[in-house]
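Observations on the model geometry
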Amino acid sequence: MATDAQNLLLRSGRWKPWEIALWLLALAAPWVLPRHALIVNEIAIVALFALSLDLILGYTGIVSLGHAAFFGMGAYSAALFAKLVMPDPLVGLAVGIATATLLGAVCSATILRGTDLTRLMVTLGVGLILMELANKLDWLTGGADGLQGVVMGPVLGRFEFDLAGQTSACYSLVVLLVLFVLARRLVHSPFGATLKAIRDNRLRAMAIGIPVHSRLVVVYTLAAGMAGAAGALLAQTSGFASLDLFEFHRSADVMLILVVGGVGWLYGGVLGAIVFKLMQDALSSITPQYWTFWIGLFLVVLVLVGRERLLRPWTWRLLRKYRSAP
């Protein structure tokens, strides 16, 4: 039985040809579509943020509305480090990941007890507290005006950040790929299998000897570090950090992205980020005042119809025939 389970994990963890082709296309996108390098950079950052939330929502069943706390912490840490210490992007990225990971380890105690509603309110409260702290510490963070004057050095000492966004897009895509590989290795390991067991039935997982609390602490901390990496990338590639990074809509948007792409599937965050950002960009250019209405309508249709049926409309007629059959 153990051998069969190990073989199943090994097979599920193997890279498919379409995955390799997908990442090669993604890495080539800033050069193939140079005019759209900035939107590619945004998609990569949002995809990483969604990937971090999927680790706790899709694989452990923990709903969080305060994930923006780690996103903002990583952004401010990287921006402050570049402004006050040194402008090296990779070192600043490591600092952003480290501070967000530390914050995640501290906040992981808030998800171990209580109901889902309690966790929602507690995680949301953490984000609000950090936003207020960033607002009050205006001598350090710039307060409501944001942290300005952040100038980044070249990546690896060679690649300067350009106005077209090609370097930013490549930088964000490489970081996304590295962290995606780590997350993929994690969820296809025995550790990932225990996370799914906790998601499906926490009491049963405890009964068979899985250390539920320690597993939750570890995955929540790792997810916080990945969210911090996304925030650090945003601050480094934009040269700016503001209170907006901690706001509720950041957590809500990334939740919607997972609704679009699907939870419990690492590519769901990537797919959802692509669809969400492209729709946002296209609709805001057509109807700047009402683009949120059309995205909301799309989400309502997606929930009512279902993702699979929406992507395969030719199956609707077959389904109606099946239901009408005696």
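This write-up is about the structure you can find in this document. Only a predicted model underlies this, so the values are computations on that prediction, with no experimental measurement involved.

**What about the overall build of the protein chain?**
For the protein chain, the helix and strand inventory stands at 16 helices and zero strands. Here the analysis covers contacts within the protein chain between residues at least 6 apart in sequence; of these, 76% occur between residues at least 24 apart. As displayed, the protein chain has an accessible area near 16,800 Å², and 69% of this comes from carbon and sulfur atoms.

**Brief notes about the nonpolar core**
Soluble globular proteins tend to pack their nonpolar side chains together in the buried interior. Of all hydrophobic cores here, the largest spans 90 residues; its most connected members are Leu 48, Leu 55, Phe 70, Tyr 76 and Leu 266. The greatest single-element share of this core, amounting to 16 residues, is contributed by helix 3 (residues 37–57). In this view, Tyr 76 contacts Ala 134, Thr 141, Leu 147, Ala 241, Ser 242, Leu 243, Leu 245 and Phe 246; residues no more than four positions away in its chain are not counted.

**Some points on the side chain of Gln 166**
When you line up the elements, Gln 166 lands in helix 8 (residues 166–187). According to the relative accessible area criterion, Gln 166 is buried, its value standing at 17%.

**Observations concerning the layout of surface pockets**
Estimated volume of the largest pocket: approximately 430 Å³. As for the largest pocket, its lining consists of 21 residues, and the residues nearest its centre are Ala 26, Ala 29, Ile 43, Val 270 and Ile 274. Of all the secondary structure elements, the ones that give two or more residues to the lining of the largest pocket are helix 2 (17–32), helix 3, helix 8 and helix 13 (266–286). Of the residues forming the lining of the largest pocket, the biggest block, six residues, is contributed by helix 2. Residues of the lining of the largest pocket, tallied by class, amount to 20 nonpolar, one polar and no charged. Here the second largest pocket defines a volume of roughly 290 Å³. Val 46, Arg 250, Asp 253, Lys 277 and Gln 280 are, among the 14 residues lining the second largest pocket, the residues nearest its centre. Elements with a contribution of two residues or more to the lining of the second largest pocket: helix 3, helix 12 (248–261) and helix 13. With five residues, helix 12 is the single largest residue contributor to the lining of the second largest pocket. Residue classes in the lining of the second largest pocket are distributed as eight nonpolar, two polar and four charged.

**Quick look at helix 3**
Counted at 1.5 Å a residue, the expected span for helix 3 with its 21 residues is 30 Å, and the 30 Å between its end C-alpha atoms agrees. The buried fraction of helix 3 amounts to 19 of the 21 residues, a majority that puts the element mostly inside the structure.

**Description of the environment of Ala 78**
Relative to the helices and strands, Ala 78 resides in helix 4 (residues 68–84). According to the relative accessible area criterion, Ala 78 is buried, its value standing at 0%. The spatial distance from the C-alpha of Ala 78 to the C-alpha of Val 150 is 9.5 Å, given a sequence separation of 72 residues. Setting aside chain neighbours within four positions, we find Ala 78 in contact with Gly 92, Gly 96, Ala 232 and Gln 236.

**As for empty space enclosed by the protein**
Within the structure shown, the criterion is met by two cavities of 30 Å³ or more. Of the volumes computed, that of the largest cavity is approximately 40 Å³. Of all elements in the fold, only helix 6 (116–136) and helix 12 reach the threshold of two or more residues within the lining of the largest cavity. Ranked by the residues each element gives to the lining of the largest cavity, the list is headed by helix 6, at three residues. Considering only residue class, the lining of the largest cavity consists of six nonpolar, three polar and one charged. The calculated volume of the second largest cavity comes to roughly 30 Å³. What lines the second largest cavity is simply Val 260, Phe 276, Met 279, Ile 295, Phe 298 and Leu 299. At the level of elements, helix 13 and helix 14 (291–305) are the ones that each hand at least two residues to the lining of the second largest cavity. Sort the elements by how many residues they give to the lining of the second largest cavity and helix 14 lands first, with three residues. Across the lining of the second largest cavity, the residue classes break down as six nonpolar, no polar and no charged.

Parameters and conventions
- Residues numbered from 1 in each chain as written.
- Predicted model: local features only at pLDDT ≥ 70, side-chain atom pairs only at ≥ 80, totals over all residues.
- Heavy atoms only, no water.
- Helix = DSSP H or I, 4+ residues; strand = E, 2+ residues; numbered from the N terminus.
- Contact = heavy atoms within 4.5 Å.
- Areas by Shrake-Rupley, 256 points an atom, 1.4 Å probe, with all protein chains shown as cover.
- Core = buried A, V, L, I, M, F, W, Y, C linked by side-chain atoms within 4.5 Å.
- Buried < 20%, exposed > 50% of the residue type's maximum accessible area, 1.4 Å probe, protein only.
- 1 Å grid on protein atoms, 1.4 Å probe; cavity = no way out; pocket = protein on both sides within 12 Å on 5 of 7 lines; lining within 4 Å.
- Points joined across faces, edges and corners; volume = space filled by probe spheres on them.
- Nonpolar A, V, L, I, M, F, W, Y, C, P; charged D, E, K, R; others polar.
- Expected span 1.5 Å × (residues − 1).

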